[in-house]
Each structure stands twice: as C-alpha cells, then as structure tokens.
Amino acid sequence: MRRIQILDSTLRDGAQAEGVSFSVNDKLNICRALDEFGVDYIEAGNPVSNPKDAEFFRAAGELNLKNAKLCAFGSTRRPGVAPEEDASLCALAASGAPAVTLVGKAWDRQVTEVLGISLEENLELVSSSIAYLASLGLEVIFDAEHFFDGWMANREYTLSVIRSAAHAGASTVTLCDTNGGNLPFEIYMVTKEVVALLDGVNVAIHCHNDTGCAVANSMAGVYGGANQVQGTFIGIGERCGNANLSTIIPNLVIKSAYSCSCNVAQLFDAARHIAEISNVNLPNNRPYIGSSAFAHKGGMHIDAVLKDPSTFEHIDPELVGNKRRLLTSEVSGRSAITPRLQSIAPELTRDSPEIARILAALKESERLGYSYEAAEASLDIMVMKMLGTYRPHFRLVFYKTMGEFPAPPGELSAFASVKIEVDGRTETTAETGAGPVNALDLALRKALRVFYPDIADMKMTDYKVRVLEQNSSTVARVRVLMESCDGQDTWTTVGVSNDVLEASLTALVDAIEFKLSKTDSETATL
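Note that the coordinates shown come from a computational prediction; the quantities given were computed from them, not determined experimentally.

(A) A look at the overall build of the protein chain. On a plain count of helices and strands, the protein chain comes out with 17 helices and 18 strands. Overall size of the protein chain, expressed as C-alpha extent along the three principal axes, is 85 × 60 × 55 Å. In the protein chain, which comprises 526 residues, the proportion classed as buried is 52%. Considering only intrachain contacts with a sequence separation of at least 6, the fraction spanning at least 24 residues in the protein chain is 66%. Looking at the protein chain as shown, the accessible area adds up to about 23,400 Å², and 50% of this sits on carbon and sulfur atoms. Between the centroid of the 47 positive side chains of the protein chain and the centroid of its 66 negative side chains there is a distance of 5 Å.

(B) Here's a closer look at the sheet that holds strand β17 (residues 478–485). On the basis of which strands lie adjacent, the open sheet formed by three strands has the order β16-β17-β18 and antiparallel pairing. Strand pairing shows two members of the sheet lacking a second neighbour, β16 (459–467) and β18 (490–497), which therefore form its edges. With strand direction ignored, the average angle separating the axes of adjacent strands in the sheet is 20°. Pairing of β17 with β18, which is carried by eight bridges, proceeds in the antiparallel orientation. Looking at β18, one finds that V478 is bridged to S497.

(C) The arrangement of the sheet that holds strand β15 (residues 425–433) in detail. Here three strands make up an open sheet; going across it, the order is β13-β14-β15 and the pairing antiparallel. Sheet topology places β13 (395–403) and β15 at the edges, where each strand pairs with a single neighbour. Averaged over neighbouring strand pairs, the angle between their axes works out to 10° when direction is ignored. For β13 and strand β14 (residues 414–422), the ladder comprises eight bridges, and the chain directions are antiparallel. Bridging across to β14, R395 finds its partner in E421. This element, helix α16 (residues 436–448), spans β13, β14 and β15 of the sheet and lies at about 145° to β15.

(D) Examining the pattern of salt bridges more closely. Taken as a whole and assessed by the stated rule, the structure comprises 22 salt bridges. A salt bridge links E43 to R12; the shortest N-O distance between them is 2.9 Å. Of the two residues, E43 sits in strand β3 (residues 41–43) while R12 sits in the loop between β2 (5–8) and α1 (24–37), which places them 31 residues apart along the sequence. Taken individually, E43 and R12 each receive the classification buried, so the pair is uniform in this respect. In this structure, K464 and D462 form a salt bridge, with 2.4 Å as the shortest nitrogen-oxygen distance. Take K464: its relative accessible area is 47%, and that puts it in the partly exposed class. Through salt bridges that share partners, D486, D489, K515 and K518 make up one connected network.

(E) Expanded view of helix α14 (residues 353–367). With 15 residues, α14 extends 22 Å from end C-alpha to end C-alpha; this agrees with the ideal 21 Å at 1.5 Å per step. Considered for burial, the residues of α14 that qualify are I355, I358, L359, L362, S365 and E366. Within α14, the buried residues cover an arc of 125° as seen down the axis, which keeps them to one side. Among the exposed residues of α14, those oriented more than 90 degrees off its buried face are P353 and R367. Just beyond α14, the residue with positive phi is G369, at close to 120°.

(F) How the structure looks around the side chain of R445. Take R445: it is sitting in helix α16. On the basis of relative accessible area, R445 is assigned to the buried category, the value being 10%. A distance of 2.8 Å separates a polar atom in the side chain of R445 from a polar atom in the side chain of D441. When near neighbours in sequence (up to four residues on either side) are disregarded, R445 contacts I455, M458 and I512.

(G) Inspection of unusual backbone geometry at higher detail. One non-glycine residue, N64, adopts positive backbone phi at about 50°. If you trace the backbone, N64 turns up in the loop between α2 (51–59) and β4 (69–75). The class for N64 is exposed, based on a relative accessible area of 60%. The backbone of N279 shows a phi angle near 60°, a positive value even though the residue is not glycine. Tracing the backbone through its elements, the reader meets N279 in the loop between α11 (267–278) and β11 (295–296). Take N279: its relative accessible area is 70%, and that puts it in the exposed class.

What counts as what
- Residues take numbers from 1 onward in each chain, read along the sequence in its written order.
- In keeping with the model being predicted, local features are shown solely for residues with a pLDDT of at least 70 and side-chain atom pairs are shown and tallied solely at 80 or more, while totals for entire chains, interfaces and linings include all residues.
- Working from all heavy atoms in the structure, the side-chain values ignore hydrogens and water.
- Segments assigned H or I by DSSP are reported as helices when at least four residues long, segments assigned E as strands when at least two residues long, and all are numbered from the N terminus.
- Think of it in three bands: residues with accessible area under 20% of the maximum for their type are buried, residues over 50% are exposed, and the middle band is partly exposed, with areas taken using a 1.4 Å probe on protein chains only.
- Any pair of residues with heavy atoms lying within 4.5 Å of one another is described as a contacting pair.
- Under the convention used here, a 1.4 Å probe and the Shrake-Rupley method define accessible areas, while residue burial counts only the protein chains that appear.
- Under the counting rule used here, the positive set is Lys and Arg, the negative set is Asp and Glu, and His together with the chain ends is not counted.
- To locate a charge, the coordinates of NZ of Lys, CZ of Arg, CG of Asp or CD of Glu are taken.
- Pairing between two strands is assigned when DSSP locates at least 2 bridges connecting them.
- Here, axes are lines fitted to C-alpha atoms. For helices the fit covers the stretch in contact, and angles between N-to-C directions go from 0 to 180 degrees.
- The salt bridge definition used is simple: a Lys or Arg side-chain nitrogen within 4 Å of an Asp or Glu carboxyl oxygen.
- For a helix, the expected span equals 1.5 Å multiplied by the number of residues minus one.
- The arc in question is the one spanned by the directions pointing from the helix axis to the C-beta atoms.
- Any pair of nitrogen or oxygen atoms within 3.5 Å is treated as a polar contact; in protein, a donor-acceptor pairing is required on top of that, and neighbouring residues in sequence qualify only through side-chain atoms on both sides.

Here it is in structure tokens:
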C-alpha cells in the first residue's frame, strides 16, 4: 500500500468560496476537527494577506495539534527584494507554523504577462525564496501555479521551475490545475511523466472543479504517482470549488489500494461538523457524506437491499460513519415501510393489517401534497396517531400574528401571541420576530419552556417553502419543510396548507412534539 498524504486547504482555498467567511474562532475549531480526523497538513491561511489570518496564527499556539502540521501560505518574494527583507516571506517565517506552502509561477505566460519579469528572474525568485525558508528549518511545499497550463505551453520551462524548487529544498512540489480546466487522462499522463523525470521528489496534486472533474483528476494524479493530495474537506473553494477530500479520501482508502492517516469511520461526522462551522449546507446527494448517499426509495430497490445490501450499495455505509435510510413515500411498498414502523411498534410484521392502513394513509397524504421521505419526524407522529400511541404534550389554544411593513428602523417586523394548554394549565405569551413564522416559533417555544425546560436546547436550522400548485396564483397549496436540531440530533417535519403560516405551524408543532417525545424516551432509559 502506498501511503498518500492529505493537505487540507479549507481555511485558505475554501475561504475564497463565495459566501464563506471564517472567524478566528471558526478557523481554530476547524483545525481541531481536521486534526482529530487525521489529515497530515492544514493550510490555514496567509499571515500577511489580512489581519484575521495574522490573528489566527498568533492564536494557533493553543491548538496543540496531535496529527497535523500547520501550514502558512504565501508567495515567492517580490522582484528586486531580498528574501530576508520580503514582507511575505518574513510573515511566513514569523507565523510559528512548522510548514509553509509557497506558491510560484510555473507558466511562462504568467511570468511575462502578470509578473512582468524574465523567465530567468522567476526561477531565481522561486529558488531563493525556498532556500531562505528552508534555511530557517521550515518544511516548504512548493505549489507550481498553473502547472498544467504551463506544461502544455512550454514544457521545458515549467519543468525547470519545479526542478529549481526541488533543488532549493522544497520537500514537495505540487502540480496545480489552477484553472480547473484539464481532464483526468491529461492529469494522469502528465503526472506520470513528471514523477519519472523528478526521480524521487515527492509530488502532490492540486485540482479545481471547473470541469466537474476535480475528484477524478486528483485520483488520476495519484494513479500517476503523486503522493500527496490537496483539496478542501467539503469541496468549497473559489469559482466551482476545490477537489473534495470527503470523496477523495474514501476513494483512496476503501476503493483503491492506498492508505492515509485519516480515520475514515469519522468521515460523516467530521464533514457535518466542518460544514456547520463553515455555514455551508451539504447537498443530500454528496457521495459518502450526503444524507441520500445510502438512501433507497423504490420499493423493489428496498426489497433487494434488505435481502442483500450490495445489490444497491457500493460500500457498507458504516465504513464512513453514514447509515442506510429507507425512504417512505407513495412509491414505497411494505418492505420499505415495515422497518420504520417496527422502530415505533416492534410487534408489527410485514403482514400486519396496520401496515396496509398506514401505507394507504401515507399515499393519500402525499396526494394532498405531503412528502415524508425528507420529513421522517412527521411520519413518526402520523404513524403513532394511527396506532393510537400518540400522546400530545400540549394543545395550542389559539395564536395570532401581526406584521408591519415597512418595519421601523432597527425593529423586528412581526408580532405573535400564543396560548397553550398543558395538563389543564394554560400559558399565554408573545414575541417579536423577523417575520411571522419566526415570531410564532419564538412565542410558542417561550410558552412551552414554562412546562418543558429542555425545549430551550431546540432551534430551527432550515426552512423551505415549495408552491405545489403553480397555476393557482396566491391561493396555491404550499408545502413547508422545517429542519430542527437540539445539539445532538437533527430532524425534519412537514406541513401543507393553502396558508403558508398554517403549514409552517403544522411543521413547527410536529418538530416540538418530536423533540418532547425524544426527551421522554431518553428519560425512560435512564
């Protein structure tokens, strides 16, 4: 088994993604998560580019990383400035990071058109910058920017750049597909040739996803002899993103004959944790880590998976910390719904008459616009109601909302009041919010905290509205999907109505009832 090093650039390349902005505390927490997962290098930012990165490196001493080396990122020295006087190189040296990722030009067009210097002077910038940092005891990883474009345009010059870097003391030279425009067979052939020409120099591959091939290109680079893969943990990055390490790592370890230091069994949890800190929603269909990666909906598919998982799953989901999901919908059969119902009522069997009744009710609900494949918490509540085991924790006596437009400057735009009843006792309260749904959510949970203090742990994390009847104008039926979490678990509920507020309230009540039922179950097992 050839061991492949993993360099994560979530905090540097990933920070260049549109809509992503890390605080210093975010960066520290992501570093801890990446170190726990086991990556070899964490490229954490450029200490000279902005005050936030400079502050991060000052605080990074508290991390006490166990598995990963922290990397500071920077560029080769400026023309006409000695290495020891260059601000960027001095900042890298002072960062406290034991390793440095240094980027330099490898495409002759970039040298003459962007830097405006001669090809020979660029070679001197590369070699003198690396030699200076290496003389300080730093490990230097050289990123050959636009390597593949340079190779196609002027192979001999591009090769001379990476040879100069290796001779000057770089521990690794990185072949960068900076524009993300190359395809796997090109990456494989060029990497294979470069590895043979460099003879013993450690080679890395760094790909962007502009053709949708960043993962495949990275794998091709490894097949061609690269011993290090650079990317971002959940694929975020400038333009179309970077190579997605959450796909590459299991591809290397599970699907190919390579090893790395990462704990692949923690992949699902690590990806979710990093996505949450990054404020990025992971697509459900993301390989390995998506909630739909091992989800089955078709009745015949589910029947086959229950008999032999390998029929529709390429790996055991537990290998990456994920789990199999059998989706319940109008196309589901008894095989699909029975395991879910047995988690609520273990005495049920595939032939129980209750199964047929619930399946018929499910199909009728979906005809009316409900969708339970992504709202399993609402499905559980519907099933308990049909089985007669549902015990509501509260009754909503009334609610009232008011909105104001335009809202006064600095004030919230909506008001909601609610009255609830719990075991004969009532509670009335009111709240303001950023819109009527938010105000209603705040008011309802405020009233319930009087009776159920644990409700304070719960919060809404996602809210989606879909119009179901496109031709019905403003009286169209709408479906609301609401995602909630309590710091440990995440669940989704659904509501349908011609009134978006009523649909939201249905989903909200289900979400709260699911949380309270979960708390009851946890208390009962103690």
